[in-house]
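# Architecture and fold: a report
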Amino acid sequence: MHMLSHAEASEKFIANQERTDWHDDTLWFVRAKRDKASKLLPEWEALREQASQIKEHMLSNLPQYLLEFEANAQANGVQVHWAKDAHEHNEIVYSIIQKHGDKALVKSKSMLTEECHLNAYLEQRGIDVVDTDLGERIVQFRKEVPSHIVLPAIHLKKEDVGETFHQHLGTPKGNKDPQFLTEAARIHLREKFLEAKVAITGVNFAVAETGEFVVCTNEGNADMGAHLSDVHIACMGIEKIIPKRQDLGVFLRLLARSATGQLITTYSSHFAKPRAGQEMHIVLVDNGRSRQLARDEFRNSLKCIRCAACFNTCPVYRRSGGHSYHQPVAGPIGSILAPNFDKKANVDLPFASTLCGSCSNVCPVKINIHEQLWFWRQDLMKEGLAPAGKVLGMKFMAWMMANPTIFRMAGGMGRKVMNWFPFLVNNGLNPWYKQREMPAPPKQSFQEWYKSNRL
Ligand code: SF4
C-alpha cells in the first residue's frame, strides 16, 4: 500500500479549513500556557541549561548508568530485561503475560510501546490490550494512532468523541458533553482496571542511583493499573535514565510547564519495588538508540523528555496534524528520530519544517531541533534518497542563486509573468497555490528599490 508522504497527507488534513484553524488555535493556546508557566520561574533558562547538561552527561556515560540502574532495581526486587529492538521488546512482554496465562491487560501511555507496535503484536496473539489514557482509549476505539504524544486525540472534536463513545460504549447518540463523556469513560475503564491482572506503563525517568522509576500522568491511570494488578511491566527506552534522584527536581519542573503549562503534573508516581505478592518488570529497550547516539549531529536528540512543546509551537505541525507524519512520534522531534529507523521511508519528514527555529527555542532540554532537521536534509540529499523532482529543483536553485545576473533576470521575469499572466502561476498544478492566496508581486526587486531610495 502506498504510504502518503507528509505533503500528501497534509493536503487531506487542511482540506477541512475549519478543523485546521481550530487545531492550530488549540495548540497555540497550549503553547501560550507554556509561555506563561515558564515565565513564572526566573530561573527557567538556568533550569533548561542544567537539564541539557545532565542529559549530556548521562549520554556520555550511558552504559555505566544503565548498569547501575539495573543493579539497584534488581536489589529492590525488580526483574530487569534488555531488548535490542522492538521485536525483542514485544517478545519479552508477551512471554511475561503468557507465563501468567492472561488474555487481557491495561496499559497507560507509553510512546515506546507505540514505537514497537506492541498493541498489534499482542492483539495478533489473542491478548486484549486496553489503553487507559482517555485520549489513547478514544483513538484506540477509532483504530487510529495518537496524533500527539501528550494529547493523543487532539485532532478530534467533542462531536467525534461523542459519536465514538456512542458506537463503542453505548452513550446516547448526539451527546457530546465532555463531563458526561469523561464519566462514561471512567465507568468503562474502572471495570477494565478491576479485571486486569497485568498492567503496562511507560517510564518518564529512571533513576540510576536508586533503581526507581517515575511515571507522570494527569489521569492517575498508570497508578490505577499498577496498584491493582499482580504484574507490573514498565517499558522504557534506554535514554530515560537520569543519574540521581535530585535531578528529578529539574526535569519535573520543566516537563509539566513545557507540556501543558501546568506547574506540576497531577501524578508523578515513583515506583521503587513490587508490593508483597506483586511482580514488577522493567524492559530496557535500545531499538536504534545506540545508533543515534553514535551519530554526532543527532546524538542529543536522545535528550528528549517527550513534552511536545516543539509540536505545539511548530507552524507546520499545527497546520498539518500529527497523522501526516506517519510515525508514532510526530512533529519536529519525530522528524529527527524517524530517519534513524529508516531513512528511505521517512525522507519527507525533515523537509516538513520551515526551519524557523521555534522548536529549538522552546525545547526544555535545549535540543538544536531545527539544525538537526537541516543536517538530515543534507544527509538524505547526499545519499540520493530525496525525490528526483526535489533534487533537480535544489540543484537548479543552487545554480541560479550562485549567479547574481541570472538570479536578477529570473526575478524580473517572474515578476512580469505573475503580473501579466497570473494564471501561469496561480493554477491547480502549482502545489504552492493550493490552500494559499498568492500575494501580488512587487513592481521592482529589493535591489532596485534600494538603488532608487537609499543610494
Ligand atoms: S524535542 Fe524538546 S520540545 Fe520536543 S518533545 Fe522533546 S523535549 Fe519536548
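Rules used in this analysis
Residues numbered from 1 in each chain as written. Predicted model: local features only at pLDDT ≥ 70, side-chain atom pairs only at ≥ 80, totals over all residues. Heavy atoms only, no water. Near = heavy atom within 4 Å. Nonpolar A, V, L, I, M, F, W, Y, C, P; charged D, E, K, R; others polar. Pairing = 2+ DSSP bridges. Helix = DSSP H or I, 4+ residues; strand = E, 2+ residues; numbered from the N terminus. Axes fitted to C-alpha atoms, helices over the stretch in contact; angles between N-to-C directions. Contact = heavy atoms within 4.5 Å. Left-handed = near helix turned anticlockwise from the far one by under 90°. Core = buried A, V, L, I, M, F, W, Y, C linked by side-chain atoms within 4.5 Å. Buried < 20%, exposed > 50% of the residue type's maximum accessible area, 1.4 Å probe, protein only. Parallel < 35°, antiparallel > 145°, perpendicular 65-115°, else oblique. Domains from an automatic or database assignment. Phe/Tyr/Trp six-rings, centres within 6.5 Å; stacked < 30°, edge-to-face > 60°.

If you look the chain up in an unreviewed UniProt entry, it shows as Lactate utilization protein from Aquirufa beregesia.

On to the site of the ligand. The full set of residues close to the ligand is Cys304, Ile305, Arg306, Cys307, Ala308, Cys310, Ile333, Cys363, Pro364, Val365, Ile367 and Ile369. Here the residues of the shell around the ligand sort into 11 nonpolar, no polar and 1 charged.

Here we take up the sheet that holds strand 10 (residues 279-285). Sheet strands pair via backbone hydrogen bonds, and the direction of the pair is either parallel or antiparallel. Spatially, 6 strands are ordered 1-10-7-4-2-3 in an open sheet, and the strand pairing comes out parallel. Strands with a single pairing partner mark the edges of an open sheet, and in this sheet they are strand 1 (79-83) and strand 3 (128-131). Neighbour to neighbour, the strand axes of the sheet diverge by 20 degrees on average, direction disregarded. Pairing of strand 2 (residues 104-107) with strand 3, which is carried by 4 bridges, proceeds in the parallel orientation. Bridge assignment links Ala104 to a residue of strand 3, and that residue is Asp128. Across the face of the sheet, helix 5 (residues 86-99) comes into contact with strand 1, strand 2, strand 4 (198-201), strand 7 (231-237) and strand 10 while running at roughly 145 degrees to strand 1. Set on the sheet, helix 8 (residues 134-141) makes contact with strand 2 and strand 3; between it and strand 3 the angle comes to about 135 degrees.

Look at helix 3 (residues 44-60) against helix 12 (residues 248-260): their axes get within 10 Å of each other, and the N-to-C directions meet at 115 degrees. Viewed along their axes, helix 3 and helix 12 form a crossing whose handedness is left-handed. Contact residues: Trp44, Leu47, Arg48, Gln50, Ala51, Ile54 and Lys55 in helix 3; Val250, Phe251, Arg253, Leu254, Arg257 and Ser258 in helix 12. Taken together, the residues of the contact of helix 3 with helix 12 sort by class into 7 nonpolar, 2 polar and 4 charged.

What follows covers the nonpolar core. Ranked by size, the top nonpolar core spans 52 residues in total, and within it Phe205, Phe251, Phe311, Tyr317, Ile333 and Ile369 carry the most contacts. It is helix 12 that provides the largest number of residues to this core, a total of 7 residues. If we skip the residues at most four places from it in the chain, Ile369 touches Cys310, Pro332, Ile333, Ile336, Cys359, Ser360 and Cys363. Among the nonpolar cores identified, the runner-up in size contains 25 residues, and Tyr65, Val80, Ala234 and Met236 belong to it.

Moving on to the pairing of strand 2. One face of the sheet, then the other: side chains in a regular strand alternate in exactly this way. Here 3 bridges tie strand 2 to strand 4, and the two strands are oriented parallel to one another. Looking at strand 4, one finds that Val106 is bridged to Ala199.

Further remarks concern the packing of helix 10 (residues 178-195) against helix 11 (residues 221-228). In contact at an axis separation of 8 Å, helix 10 and helix 11 are set at 30 degrees when each is read in the N-to-C sense. Here helix 10 is positioned roughly parallel relative to helix 11, judged by the angle of their axes. Counting all contacts with helix 10, which are made through Arg190, Phe193 and Leu194, the residues of helix 11 involved are Asn221, Met224, Gly225 and Leu228. In terms of residue class, the contact of helix 10 with helix 11 is built from 4 nonpolar, 2 polar and 1 charged.

Attention now moves to the pairing of strand 10. Burial of strand 10 is extensive: 7 of the 7 residues sit out of reach of the surface. Of the two faces of strand 10, the one holding Glu279, His281, Val283 and Val285 and the one holding Met280, Ile282 and Leu284 are both buried throughout. As paired strands, strand 7 and strand 10 are joined by 7 bridges and run parallel to one another. Paired with Met236 across the strands is Leu284, a residue of strand 10.

A sheet is described by the order of its strands in space; here 4 strands give the open sequence 8-5-6-9, paired in mixed fashion. Both outer strands of the open sheet, strand 8 (241-242) and strand 9 (267-271), are each paired with one neighbouring strand and no more. Sheet analysis places strand 5 (residues 205-207) next to strand 6 (residues 213-217), joined by 2 bridges and oriented antiparallel. Paired with Ala206 across the strands is Phe213, a residue of strand 6.

Domain boundaries assigned for the chain yield domain 1 (10-290) and domain 2 (403-453). Of note, the centres of domain 1 and domain 2, computed from C-alpha atoms alone, are 49 Å apart.

Once that is clear, we can look at the packing of aromatic side chains. Summed over the entire model, instances satisfying the criterion amount to 12 aromatic pairs. On the numbers, 5.1 Å between centres and 65 degrees between planes, the contact of Phe311 with Tyr317 is edge-to-face. Looking at Phe311, the relative accessible area reads 0%, which means it is buried. Both rings, one in Phe421 and one in Phe423, keep their centres 6.4 Å apart while their planes meet at 75 degrees; by these two values the pair is edge-to-face. Given the relative accessible area of 39%, Phe421 is considered partly exposed. Through pairs of rings, three or more aromatic residues link up here, namely Phe311, Tyr317 and Tyr325.

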